[in-house]
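Architecture at a glance
Listed here are the chains, written in short residue letters.
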Amino acid sequence: MFQGQQLPSFGGATGWLNSEPLGPADLKGHVVLVDFWTLTCINWLRTVPYVRAWSQAYAGDGLIVIGVHTPEFEFEHETDLVRQAVKERGLDYPVALDNDYGVWSAFDNHYWPALYFADDRGMIRDHHFGEGRYVESERTIQRLLGIEREPVAVVGTGVEAPADWTQLRTPETYLGYGRGGRLPGGAGLDDRQEYQLPERLAFNSWALGGRWTVRPEFVVLDEPGGRIAFRFQARDAHLVLAPGASDAVLFRVLLDGEAPGRSHGVDVDEDGNGVLREGRMYQLVRQDDAVLERTVEIRFDEAGVEAYVFTFG
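Residues numbered from 1 in each chain as written. Predicted model: local features only at pLDDT ≥ 70, side-chain atom pairs only at ≥ 80, totals over all residues. Heavy atoms only, no water.

For the protein, the helix and strand inventory stands at six helices and 17 strands. On C-alpha atoms alone, the protein measures out to a radius of gyration of 21 Å, which is about the 20 Å that the 2.2 N^0.38 rule sets for 313 residues. C-alpha atoms of the protein, sized along the principal axes, occupy 60 × 40 × 30 Å. A separation of at least 24 residues holds for 74% of the contacts in the protein among residues at least 6 apart in sequence. Carbon and sulfur atoms make up 46% of the accessible area of the protein, which totals about 13600 Å². One way to put it: in the protein the 29 positive side-chain charges average out to a point 4 Å from where the 48 negative ones average out. (Helix = DSSP H or I, 4+ residues; strand = E, 2+ residues; numbered from the N terminus. Rg over C-alpha atoms; globule rule 2.2 N^0.38 Å. Contact = heavy atoms within 4.5 Å. Areas by Shrake-Rupley, 256 points an atom, 1.4 Å probe, with all protein chains shown as cover. Lys, Arg positive; Asp, Glu negative; His and termini not counted. Charge placed at Lys NZ, Arg CZ, Asp CG, Glu CD.)

Our next topic: the packing of aromatic side chains. Applying the stated rule across the entire model yields 25 aromatic pairs. Judged by centre distance (5.9 Å) and plane angle (80°), the ring pair of Phe 36 and Tyr 116 falls under edge-to-face. Residue Phe 36 is located in strand β2 (residues 31-37), and its partner Tyr 116 is located in strand β5 (residues 114-118); the two are separated by 80 residues in the primary sequence. One exposure class covers both Phe 36 and Tyr 116, and it is buried. Ring geometry for Phe 107 versus Tyr 116: centroids 5.1 Å apart, planes at 55°, classification tilted. A relative accessible area of 0% means that Phe 107 is categorised as buried. Since its relative accessible area comes to 0%, Tyr 116 is described here as buried. Grouping aromatic residues by their ring pairs yields a cluster made of Phe 10, Trp 16, Phe 36, Tyr 101, Trp 104, Phe 107, Tyr 111, Trp 112, Tyr 116 and Phe 129. Between Arg 179 and the ring centre of Tyr 174, over which it is positioned, the NZ or CZ distance is 4.0 Å. The ring of Tyr 282 carries the charged tip of Arg 280 above its face, separated from the ring centre by 3.9 Å. (Phe/Tyr/Trp six-rings, centres within 6.5 Å; stacked < 30°, edge-to-face > 60°. Buried < 20%, exposed > 50% of the residue type's maximum accessible area, 1.4 Å probe, protein only. Lys NZ or Arg CZ within 6 Å of the ring centre and 35° of its normal.)

The subject of this paragraph is the sheet that holds strand β6 (residues 124-129). With respect to topology, six strands assemble into an open sheet ordered β1-β4-β3-β2-β5-β6, the strand pairing being mixed. A strand with exactly one partner marks an edge of an open sheet, and here the two such strands are β1 (15-17) and β6. In this sheet, neighbouring strand axes are inclined to one another by 20° on average, regardless of whether the strands run parallel or antiparallel. Of the pairings in the sheet, the one linking β2 to β5 comprises five bridges and is antiparallel in character. Looking across to β5, one finds that Asp 35 is bridged to Leu 115. In the packing of helix α4 (residues 79-88) onto the sheet, contacts are made with β1, β2, β3 (63-69) and β4 (95-97), and the angle to β1 comes to roughly 25°. Along the sheet, helix α6 (residues 134-145) contacts β2, β3, β5 and β6; its crossing angle with β5, the most-contacted strand, is approximately 20°. (Pairing = 2+ DSSP bridges. Axes fitted to C-alpha atoms, helices over the stretch in contact; angles between N-to-C directions.)

A few words now on the layout of surface pockets. Its boundaries defined by the atoms lining it, the largest pocket holds a volume of some 310 Å³. In terms of lining residues, the largest pocket is bounded by 24 residues, among which Cys 41, Ile 42, Asn 43, Glu 172 and Thr 311 are the most central. Looking at the lining of the largest pocket, the elements with two or more residues in it are α2 (42-45) and β17 (306-312). Among the elements that line the lining of the largest pocket, the one with the most residues is β17, at three residues. (1 Å grid on protein atoms, 1.4 Å probe; cavity = no way out; pocket = protein on both sides within 12 Å on 5 of 7 lines; lining within 4 Å. Points joined across faces, edges and corners; volume = space filled by probe spheres on them.)

What α4 keeps buried is the set Leu 81, Val 82, Ala 85 and Val 86. The arc that holds the buried residues of α4, viewed along the axis, is 140°, so those residues lie on one side. Set apart from the buried face of α4 by more than 90 degrees, the exposed residues are Asp 80 and Lys 87. A positive backbone phi angle near 70° is found at Gly 90, which sits one or two residues after α4. (Arc of directions from axis to C-beta.)

With the rule as written, the count across this model stands at 24 salt bridges. A salt bridge links Asp 222 to Arg 192, with the nearest nitrogen and oxygen atoms 3.7 Å apart. Of this pair, Asp 222 sits in the loop between β10 (219-221) and β11 (227-233) while Arg 192 sits in strand β8 (residues 192-195), and the two are 30 residues apart along the sequence. Among the charged side chains, a salt-bridge network with shared partners connects Arg 231, Asp 256, Glu 293 and Arg 294. (Salt bridge = Lys/Arg side-chain N within 4 Å of Asp/Glu carboxyl O.)

Take the nonpolar core next. With 40 residues, the main nonpolar core has Leu 33, Trp 37, Trp 54, Leu 63, Ile 141 and Tyr 308 as its most contacted residues. Apart from the residues within four sequence positions on either side, Trp 54 is in contact with Leu 33, Ala 59, Leu 63, Leu 115, Tyr 134, Ser 137, Glu 138, Ile 141 and Val 152. Membership of the second largest hydrophobic core comes to 31 residues, among which are Trp 206, Ala 237, Val 253 and Leu 284. (Core = buried A, V, L, I, M, F, W, Y, C linked by side-chain atoms within 4.5 Å.)

As for its position among the elements, Gln 233 is in strand β11. Of note is the side chain of Gln 233, whose polar atom sits 2.8 Å from the side chain of Arg 169. (Polar contact = N/O pair within 3.5 Å; in protein donor to acceptor, adjacent residues only side chain to side chain.)

Set out below in structure tokens:
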């Protein structure tokens, strides 16, 4: 979807949160910002403070923000999980549920996050994929609204804090074989297999300990006591997890073999203890001082845990 084209229909949405279904008549005369997202995406999470602030700052000037939740992983189709993410992130604007990729296809979109800016005649005037370019995006909103003012003040905290790009040396890493990720040594696809963690991991590599099965989207723990380790360099380390059939699974995070202390992420305490209750992204580490090459290890008390992707910031 490029500049000068008509804003596509949202008719392919499978449901709506915070709003009744919106059609062309509802949007007529409004500037529209469309934000494609999925609840586990760290890149989207770090853009949330800006989109949320723009919605609140410019609603009275005629801006309508529409979030479009298009799931990346199978568990993200669950409406309750999307509803919980909307609540936790403080999204008070309409969100279209796009479980069948109908809206995604109408926009010919290929990215999370993706922003599309439409004028009050329903014409796409700008777009942006990924993080960044926040001042320019806000200036686009103002230009389409016909106003000019100082940009809103935005401060991201917790998982919404901007990445430390100067220290980030480890890429997003998918654990399932369907995304072409680098699999642990001797991995058997779709078969239960016993793995041993090496004494030391190579930089930017990961390994399993215990009995796991490698699936297209994720790795699943087949017996209690499984472990995952990753050698990384970044301020933050995250892991997308789902509990399988369990209501809650206890896990423990170690940093270079010890409790993380003040370098714990928002989803664990200083001793490294955390609870996996629902499918989402869990922040395991936020390094408190110098950002060094470290090894993070996660231990799980119960079988059935699904691990999808490591992300860093």
